[in-house]
Amino acid sequence: VGELGGLKQQHRALATHIGACEVISKKKAEGFIQQQLQVEHSILEGVDEKECLENIEELINRQAKMFDPLRLLCLLSLTSGGIKAKHLSSLKLQFLQSYGYHHLLTLQRLEEMNWLRDFSEVGLSMCYSRENEKGGEAN
């Protein structure tokens, strides 16, 4: 009978511990979502690109859901006309190391759709389009 009482007490303690873990887990997830919303807001406001890149890097390193850092990277690229080549290549490498090299095709597709690009690509395409416009006016 003494053992049964001890087991019941351990069961209650375990249930309390699991409940506490669930509460902490939910709070961490809420904080994570809040961080993402802050990064999105900063990107859309055009505030401190370096901080945005650091937050995206943190998401990658924490192995957040794969689409979260990708979505933020694309949002940053689209709203700022591209990402500096050195930052983009570093983030892509970190992404592949964290989520697997089989996602190389994913990154390539995003680049093909111009959702993920660096400044040099943007600059070149703008130069070509301006040259074509000038050439069209001369005719």
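So, a few notes on the structure that sits alongside this text. Everything quoted here is computed from the prediction, not taken from an experiment.

## Observations concerning the overall build of the protein
Summing up its helical and strand segments, the protein has six helices and zero strands in all. Looking at the protein residue by residue over its 139 residues, the buried ones come to 28%. The contacts of the protein with a sequence gap of at least 6 include a subset with a gap of at least 24, amounting to 72%. Taken as a whole, the protein presents about 9800 Å² of accessible surface, with 57% of it coming from carbon and sulfur.

## A look at unusual backbone geometry
Glycine aside, residues mostly have negative phi angles, and peptide bonds mostly take the trans form. One non-glycine residue, Asp-48, lies in the positive phi region at around 45 degrees. Looking at where Asp-48 falls in the secondary structure, it is placed in the loop between α1 (2-45) and α2 (49-61). You can call Asp-48 partly exposed: its relative accessible area is 42%. The residue Asn-114 is not glycine, and still its phi comes out positive at about 65 degrees. The residue Asn-114 is located in the loop between α5 (104-112) and α6 (119-138) in this model.

## Some points on the packing of aromatic side chains
Overall, the coordinates contain one aromatic pair when judged by the stated rule. Between Phe-95 and Tyr-99 the ring centres are 4.6 Å apart and the planes differ by 40 degrees, which places this aromatic pair in the tilted class. Of this pair, Phe-95 and Tyr-99 both sit in helix α4 (residues 85-99), four residues apart, which is roughly one turn of that helix. Owing to a relative accessible area of 1%, Phe-95 belongs among the buried residues under this scheme. With a relative accessible area of 15%, Tyr-99 lands in the buried category.

## Quick word on a negative patch on the surface
Taken together, Asp-48, Glu-51, Glu-54 and Glu-57 make up a surface patch of like negative charges. Following the sequence through the fold, Glu-57 ends up in helix α2.

## Looking at the nonpolar core
Ile-83, Phe-95 and Leu-116 are the most contacted members of the largest nonpolar core, which has 24 residues in total. If sequence neighbours within four positions are ignored, Phe-95 has contacts with Ile-60, Met-66, Leu-70, Gly-100, His-103 and Leu-107.

## A few points about the side chain of Asp-118
Looking at the secondary structure, you find Asp-118 in the loop between α5 and α6. Excluding residues within four positions of it along the chain, Asp-118 makes contact with Gly-82, Ile-83, Lys-84, Ala-85 and Leu-88.

## Topic: the packing of α2 against α4
The angle between the axes and the distance between the axes are what describe a pair of packed helices. Between α2 and α4, the least distance of the axes is 9 Å, while the angle of their chain directions is 15 degrees. On the basis of the axis angle, α2 is roughly parallel to α4. Relative to α4, the crossing made by α2 is left-handed. Along the contact surface, α2 presents Leu-53, Glu-57, Leu-59, Ile-60 and Asn-61, while α4 presents His-87, Leu-91, Gln-94, Phe-95, Ser-98 and Tyr-99. Of the residues in the contact of α2 with α4, the class split is six nonpolar, four polar and one charged.

## Some details on α2
Here α2 is 13 residues long and its end C-alpha atoms lie 18 Å apart, about the 18 Å a rise of 1.5 Å per residue gives. Every buried residue of α2 is listed here: Cys-52, Leu-53, Asn-55, Ile-56, Leu-59 and Ile-60. Projected down its long axis, α2 shows its buried positions confined to an angular sector of 160 degrees, all on one face. Just downstream of α2 lies Gln-63, where phi reads positive at about 55 degrees.

About the criteria used
Residues numbered from 1 in each chain as written. Predicted model: local features only at pLDDT ≥ 70, side-chain atom pairs only at ≥ 80, totals over all residues. Heavy atoms only, no water. Helix = DSSP H or I, 4+ residues; strand = E, 2+ residues; numbered from the N terminus. Buried < 20%, exposed > 50% of the residue type's maximum accessible area, 1.4 Å probe, protein only. Contact = heavy atoms within 4.5 Å. Areas by Shrake-Rupley, 256 points an atom, 1.4 Å probe, with all protein chains shown as cover. Phe/Tyr/Trp six-rings, centres within 6.5 Å; stacked < 30°, edge-to-face > 60°. Patch = residues over 30% accessible without salt bridge, like charges linked within 9 Å, V, L, I, M, F, W, Y side chains within 5 Å. Salt bridge = Lys/Arg side-chain N within 4 Å of Asp/Glu carboxyl O. Lys, Arg positive; Asp, Glu negative; His and termini not counted. Charge placed at Lys NZ, Arg CZ, Asp CG, Glu CD. Core = buried A, V, L, I, M, F, W, Y, C linked by side-chain atoms within 4.5 Å. Axes fitted to C-alpha atoms, helices over the stretch in contact; angles between N-to-C directions. Parallel < 35°, antiparallel > 145°, perpendicular 65-115°, else oblique. Left-handed = near helix turned anticlockwise from the far one by under 90°. Nonpolar A, V, L, I, M, F, W, Y, C, P; charged D, E, K, R; others polar. Expected span 1.5 Å × (residues − 1). Arc of directions from axis to C-beta.

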